[in-house]
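One-letter residues, chain by chain:
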Amino acid sequence: MCSSDLTEPQGTKDSLLVESLCCLIRTADYYSLSEKVTDGSQDFRGTGTLLESIFAKLRLAEDTPETLYYQLYLLDPTVAFPGEAGWDQGRGRKFVDGFINEFDNLSNKIALDDFDVVYTHLLSLLQRYTWCLPSSAGKYQDISLFDHLRITSAISACLYRYHQNTDNFDQSDIIDNKTDKFRLVVGDISGIQKYIFEIAGIGVGGVAKRLRARSFYLSALAEAITHKIIHELALPLSNIIISSGGKFYILLPNTEYSKLMLNEFQRELDTWFVREYFGELSLNMAQVSFNGEGLINFGEVLGTLSERLAERKSNPLNTFLIHDGMWHSDGFLIDHQVGTGGICQCCRKHRSKVVVDDVHLCSHCDQNARMGKRLANARYVALMNSDLECSFPVFPLIDGYQVAVLDDPPPAELPSYLVYKLNDTDLQEICHHPALPKFMANYIPLADKESTRKCEHCSEVQCPAPGEPLYFDCLANRARGRKLLGYLKADVDYMGSLFVLGLREDMDDRNNISRMATLSRMLDLFFSGWVEKLLASEYRNCYTVYSGGDDLLIIGPWDESVSLAARINREFRSFTNNNANISLSAGITLAKPRVPLSRSVALAEDALEKSKETVLRGEKSGRNQITFLDSTFKWNQFYSVLPVSGQVANWLDLDFFSTNFVRNLLLYGKMVREFHEKGDIRGMRYLPLLTYAISRNYPDLNKQVYSDQKELKVARFWLESLKDINRLDTIHLLFIAQYALLAKGG
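Residues numbered from 1 in each chain as written. Predicted model: local features only at pLDDT ≥ 70, side-chain atom pairs only at ≥ 80, totals over all residues. Heavy atoms only, no water.

Novice: Got a minute to help me understand the pairing of strand S14 (residues 418-422) in this structure?
Specialist: It is a general feature of regular strands that their side chains alternate between the two faces of the sheet. Counting buried positions over the five residues of S14 gives five, a clear majority of the element. Taking every second residue as pointing to the same face, both faces of S14 are buried, with Leu418, Tyr420 and Leu422 on one and Val419 and Lys421 on the other. Pairing analysis gives four bridges linking strand S11 (residues 380-384) to S14, with the strands arranged antiparallel. Bridging across to S14, Tyr380 finds its partner in Lys421. Examined bridge by bridge, S14 and strand S15 (residues 435-438) share four bridges and lie parallel to one another. The partner of Lys421 across the bridge, within S15, is Pro437. (Buried < 20%, exposed > 50% of the residue type's maximum accessible area, 1.4 Å probe, protein only. Helix = DSSP H or I, 4+ residues; strand = E, 2+ residues; numbered from the N terminus. Pairing = 2+ DSSP bridges.)

Novice: I'm lost on a nonpolar patch on the surface in this one. Help?
Specialist: Nonpolar side chains collect at one region of the surface, where Leu60, Tyr494 and Leu501 lie side by side and expose about 250 Å² of accessible area between them. With respect to the helices, strands and loops of the structure, Leu501 is situated in the loop between helix H14 (495-500) and helix H15 (513-537). (Patch = residues over 30% accessible without salt bridge, like charges linked within 9 Å, V, L, I, M, F, W, Y side chains within 5 Å. Areas by Shrake-Rupley, 256 points an atom, 1.4 Å probe, with all protein chains shown as cover. Salt bridge = Lys/Arg side-chain N within 4 Å of Asp/Glu carboxyl O.)

Novice: Teacher, can you tell me more about the sheet that holds strand S12 (residues 395-396) here?
Specialist: Strand pairing in a sheet is mediated by backbone hydrogen bonds. Such pairs are either parallel or antiparallel. Strand order in the open sheet made by the five strands is S12-S13-S11-S14-S15, with mixed pairing throughout. At either margin of the open sheet sits one strand with a lone partner, and together these are S12 and S15. Of the strands in this sheet, S11, S12, strand S13 (402-406), S14 and S15 touch helix H7 (residues 211-232), which is tilted by about 145° from S14. (Contact = heavy atoms within 4.5 Å. Axes fitted to C-alpha atoms, helices over the stretch in contact; angles between N-to-C directions.)

Novice: Help me out: how do you make sense of the environment of Ala286 in this one?
Specialist: Tracing the backbone shows Ala286 in strand S6 (residues 282-290). Not counting chain neighbours up to four residues away, the residues in contact with Ala286 comprise Leu184, Val185, Val186, Leu305, Arg308 and Leu309.

Novice: Just checking my understanding: could you explain the packing of aromatic side chains for this structure?
Specialist: Geometrically, a pair of aromatic rings is defined through the distance of the ring centres and the angle of the planes. Following the criterion strictly, the structure yields 39 aromatic pairs and no others. Relative to Phe182, the ring of Tyr31 has its centre 6.0 Å away and its plane inclined at 90°; by these criteria the two rings are edge-to-face. Note that Tyr31 is positioned in helix H1 (residues 12-33) and Phe182 in strand S3 (residues 182-190), a separation of 151 residues in sequence. Residue classification places Tyr31 among the buried residues on the basis of a relative accessible area of 2%. One aromatic cluster in this structure is built from Trp558, Phe628, Phe633, Trp635, Phe638, Tyr639, Phe735 and Tyr739. Against the face of Phe265 rests Lys228, its NZ or CZ located 5.6 Å from the ring centre. Just above the ring of Tyr140 sits the side chain of Arg510; from NZ or CZ to the centre is 4.6 Å. (Phe/Tyr/Trp six-rings, centres within 6.5 Å; stacked < 30°, edge-to-face > 60°. Lys NZ or Arg CZ within 6 Å of the ring centre and 35° of its normal.)

Novice: Teacher, can you tell me more about the packing of helix H3 (residues 115-130) against helix H4 (residues 145-166) here?
Specialist: When two helices pack together, their arrangement is given by the angle between the helix axes and the distance between those axes. One way to put it is that H3 packs onto H4 with a least axis distance of 8 Å and a crossing angle of 155°. Taken together, H3 and H4 sit at an angle that is classed as roughly antiparallel. Between H3 and H4, the residues in contact are Tyr119, Leu123, Leu126, Gln127 and Thr130 and Leu145, Phe146, Leu149, Arg150 and Ser153, respectively. Class assignment of the residues belonging to the contact of H3 with H4 gives a composition of six nonpolar, three polar and one charged. (Parallel < 35°, antiparallel > 145°, perpendicular 65-115°, else oblique. Nonpolar A, V, L, I, M, F, W, Y, C, P; charged D, E, K, R; others polar.)

Novice: I would appreciate a short explanation of the side chain of His121 in the present structure.
Specialist: Within the secondary structure, His121 is located in helix H3. Residue classification places His121 among the buried residues on the basis of a relative accessible area of 3%. Filtering out sequence-adjacent residues up to four positions away, His121 remains in contact with Leu106, Ile110, Leu427, Ile430, Cys431, His433 and Ala435.

Novice: For this particular structure, what's the right way to read the environment of Leu652?
Specialist: Note that Leu652 resides in helix H18 (residues 635-653). Exposure remark for Leu652: the relative accessible area of 1% places this residue in the buried category. In the structure, Leu652 is positioned 89 residues away from Leu741 in sequence and 8.3 Å away in space, judged by C-alpha atoms. Those residues within four positions of Leu652 in sequence are excluded, and the remaining contacts are Phe657, Ser658, Thr659, Val662, Ala740, Leu741 and Lys744.

Here it is in structure tokens:
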């Protein structure tokens, strides 16, 4: 970017400027890494060094595990799990040769005179190859070369714009790390859950056609807002340090213009969100200025910024509602004339503008429905800020920014300033556009020819056409036993503390900006990339509402949702180096497909909150837990109890147990819970009742019937084991019986 403002050096003045720019980049490189390199140079072709897991040394209260390493692979979520160290010199050479070949091929295809095209494709190529390479051979080798380079680029751009603004490129001033040259802005969309989930289930297919689109729209809106900021300040995309889940961090130069621009943009956003969404959605921004040392101790900057964002959130929309220190009374009045079309039957808030399939929709809900159809098979997302007409649907975002969702590569003449290729890092077919790869959890179950036949118990008046999203009735009808949906909600525990405190040590403060960037990007790779791959390959009846950043919400048949939760946590542990300091909590709730979405999601949120706050017997704190059927487990307990629950359900199907007998087990389980949780000695009554039930319903173990039915003998032995009140299966007998009855349909 610096060179774009220069011509060939014409004399001493230009030569000095080039020297100053070299000094500027060296300074940015130091701020980005801020760690000494050990003696000896790093020769990738020869000795080679593997990248350490960024999660290995995160520490809050628990000891850290042995460090694992990333292997040399092209970036893909399925190979981003750390493993044992083992350098293959021949493989290393091939890896470097592959990068060189792709670089040469790229340089022959792209327009080298288009800065945005060159910059984005070079950034993409670096991400594809150098995500798994360490940035240095220093004491810690857990910052990826890709993140080090992109953050160096962002810092360089800030330094250049700052010194350009002061018209001072003196090298002594460039290396000055005491002056506040940087500004960090955070933006966070509030009201996301209410906006996404308050959808009326009207029309054929109900919410299934619109739900994913609402989540995608908010992500695209946040993208457009970040892009508007960097476009206004003439900064590259690398200055967007973090962006996921409706929240972003952007590194800016600390100029008077950047401060005023952000304040004015906040006023514009407040007005826009009130007019478009009556203030139910809002975007709150906070900013902080700091010097070069803040990039090295970036956790402190994030901590200060978090406090300012919390303060701003406590006064949302204040630039719209308050003028000159006084209430702006007109701001509390909204023009809400219904008109002849009435109120939208989907959101029940905006005036109706169109009628689709006899359903009156506002422009927002109509856009959601049209966008939802295109998202199902989307492979590309194009962003534009021009008014030129296109041959395919374009959806408005904010202030002239638009988004297009495409199945096929966009034509070369498309007026896009950025094209994302979804879940793939090979961008050869879009080399004529500024382009980046983007991992996005976008999987939703689609109807095929088999799905076009009406499901048993289905309440829809017609079946989905092939290629359309399966209705929630369809998903519920694929559940085992009772035809219910499972709402799975999960997020990373202590996420804020991990960023602010997790990288601090007594001897070394390792919370610099590049390490934070690597940590954030890798977490997003799991939730956005790996979860997408898992659903598309193994859990094809599960519907992604959102998954990215550090959390997820997925809807599916109840039994698949339970299995999915267990699988995600197990893989998350592996992905994060089996570090006990970083954990996942989850909550699952059950609902009929016609229960209002907002109510079901609120119950899932309650279950997640219970997982975080419940302190189980013998434990010091909550979190690292899952709640299902109103029972909360540590994950290791859940992995033990869940297979037993499935086995009891199988015995129920085989008529080893009767439904009435399992209902009695459920009653005994309640007694055991009263004993363990409240110390109620009356809970011990379960023991004589259980003993009597076993002797009445099942013959003695010495009877001949067991030699012919080994599985029945196993079931009988299991029942006997329940007489130990401290046995794990006995403690969770209530859950086991509930699960079995649910799987049976009782």
